[in-house]
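Analysis of the macromolecular model
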Amino acid sequence: MQKEKKQNPFSLFLKNNFNRDILLYGGVEWTFWAIFATLAFTTAHLAQVGFSSKTTGVIMALVSVAGIVASPVVGNLSDRIGSPRKLFIILGIIASVFYTLVPLTLRLNHGQEMSVLNVGVVMILLWAAFSRPMQGLCESWVISAADRKRTFVFGKVRYFGSIGYALICILFGALSKRLGTQVFTFYSFGILFIPAMLLAIYAGRDESKEKVERKKGTSYGVKAAIKNYYLVMFFVCHCLVMLPMVCSTTFVPYKLMEISGDTSSLGNITAIRALMEIPMLLGGTWIVHKFGIKRLFILDMLLFALSMVLFILAKNTIVITLGMMAMGTAYGAHLLGQVNYVYRITPPEATASAQTLAVSFSLVASVLGNLIGGVLVERFTASGMYLFLLVLVVLALAIFLLTFPIGRALKIPEPDLKNVM
């Protein structure tokens, strides 16, 4: 009898962490989030060409509104045709064209007062309408592949996206400083989308050929998703916990000004926050398998609450950095849980719509956070704003904990969360 050959530990590590599917879908996540790193430079370019901070704020709010409106429409269409991947490619091509036209059309108003009524702004809004839903499509596509193939888990490919985003931000930051302009970032969106598109085309061979059968008269897409009690309750919690993320991105500079008088450390602490997502994206799956996905959400909300407490008490940049580290860890856990939980509790005929609706609720948080946060900072300082956000996180935790007892009281069957990846 032939002895079973022992596998080399290093080979086993490579197989479990860098197999063909992890590299393929990790590449999808890397390229997708590298593309969206370009968005970080939009406001800087608008300021450089003459838009006031107030007008830029309005434009960015409209960008979020465009995403809120477009995401459920695209999700509905994706569930109808049964392929988030194909729609991802189409939207990426169209969005690339509109974003490339932004710097060219902004010049049409050269010498005039820069306002929202600008052809370049229209291009930005059209870009947002086609690009914003891409996140939900990407997540729906990748998580369904993970569930079907069982060769990888979502967290082991999503961390590629965090690294891609951070690296492109650093690279583009250095380039814009050297060149004195951010124009190249608008062209880079389309250039960076090329490898994403090629990976999406190659991944077509992995796509399930089984069509989701729908009974006559049954709903699909957004209509089916919003009938799901557990999904709607989660979206409320999701929106509330996204507010600290949005407000911290926008208003941490004001807290830094309060305690040190300058914002020179902003780039470093923001990068640290992004990198702190990775441990939870990689280790969160173990928590889910060991303790369950409900406890993962409880952990991420407690970490969000801790970050708010640290921001309130901060008297120096060290404590601010600790707050950002807690927030990055919380966001990594929340993102891992959100994509898996939404996929697991949603019927197959509404999975893409559910993921795009999650993006819409994040964008709602973006609009509300920027509007409310600005008022609170002005009236009560940044510490007052973080106290308000702490209350919202505690409220989100209370709603989440009550979701299941209320569901049982209403005799709504609980979703099966045993096989969460």
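Everything that follows concerns the structure shown earlier in this document.
Now for a look at the structure at hand.

Calculation notes
Residues numbered from 1 in each chain as written. Predicted model: local features only at pLDDT ≥ 70, side-chain atom pairs only at ≥ 80, totals over all residues. Heavy atoms only, no water. Helix = DSSP H or I, 4+ residues; strand = E, 2+ residues; numbered from the N terminus. Contact = heavy atoms within 4.5 Å. Areas by Shrake-Rupley, 256 points an atom, 1.4 Å probe, with all protein chains shown as cover. Phe/Tyr/Trp six-rings, centres within 6.5 Å; stacked < 30°, edge-to-face > 60°. Lys NZ or Arg CZ within 6 Å of the ring centre and 35° of its normal. Salt bridge = Lys/Arg side-chain N within 4 Å of Asp/Glu carboxyl O. Buried < 20%, exposed > 50% of the residue type's maximum accessible area, 1.4 Å probe, protein only. Axes fitted to C-alpha atoms, helices over the stretch in contact; angles between N-to-C directions. Parallel < 35°, antiparallel > 145°, perpendicular 65-115°, else oblique. Left-handed = near helix turned anticlockwise from the far one by under 90°. Nonpolar A, V, L, I, M, F, W, Y, C, P; charged D, E, K, R; others polar. Core = buried A, V, L, I, M, F, W, Y, C linked by side-chain atoms within 4.5 Å.

1. Side note on the overall build of the protein
What the protein contains, in helices and strands, is 16 helices and zero strands. Residue pairs at least 24 apart in sequence account for 84% of intrachain contacts in the protein once pairs closer than 6 positions are excluded. If you sum the accessible surface of the protein, you get close to 19,700 Å²; carbon and sulfur atoms cover 67% of it.

2. What about the packing of aromatic side chains?
The full count for this structure, using the stated rule, is 28 aromatic pairs. Through successive ring pairs, a cluster of aromatic residues spans Y25, F32, W33, F36, F88, Y99, W127, W141, F152, F186, F189 and F193. The ring of F404 carries K294 above its face, with NZ or CZ at 4.0 Å from the centroid.

3. Remarks on the pattern of salt bridges
All told, the structure shown has four salt bridges when counted by the stated rule. The salt bridge involving R20 is made with D21; its shortest N-O contact spans 2.5 Å. A residue is classified by how much of its surface remains accessible, and D21, at 7% relative accessible area, is buried. Among the salt bridges present, the one from K149 reaches D21, with a minimum N-O distance of 3.6 Å. A residue pair is termed long-range when its members are at least 10 positions apart, and K149 in helix α7 (residues 134-149) and D21 in helix α2 (residues 20-36) qualify at 128 residues. For K149, a relative accessible area of 26% translates into the label partly exposed.

4. Things to note about the packing of helix α13 (residues 277-291) against helix α15 (residues 317-345)
The N-to-C vectors of α13 and α15 enclose an angle of 40°; their axes lie 7 Å apart at closest approach. Relative to α15, α13 is oriented oblique. By crossing handedness, the relation of α13 to α15 is classed as right-handed. Only G328, T329, Y331, G332, A333, L335 and L336 of α15 make contact with α13, whose side of the interface consists of E277, M280, L281, G284 and T285. The residue makeup of the contact of α13 with α15, split by class, is six nonpolar, five polar and one charged.

5. Considering the environment of L303
Tracing the sequence through the fold places L303 in helix α14 (residues 293-313). With 22 residues separating them in the primary sequence, L303 and M325 have C-alpha atoms 9.6 Å apart. Setting aside its immediate chain neighbours within four residues, L303 contacts A326, T329 and A330.

6. Describing the nonpolar core
With 124 residues, the main nonpolar core has Y25, F88, W127, M301, F304 and Y341 as its most contacted residues. Residue contributions to this core peak at 18 residues, all from helix α16 (residues 351-409). Discounting chain neighbours no more than four positions away, the residues touching Y25 are W141, V142, A145, K149, F152, V157, A203 and D206.

7. Considering unusual backbone geometry
One non-glycine residue, T381, adopts positive backbone phi at about 70°. Among the structural elements, T381 can be located in helix α16. Residues other than glycine seldom take positive phi values, yet K411 does so here, at roughly 60°. Among the structural elements, K411 can be located in the segment after α16.

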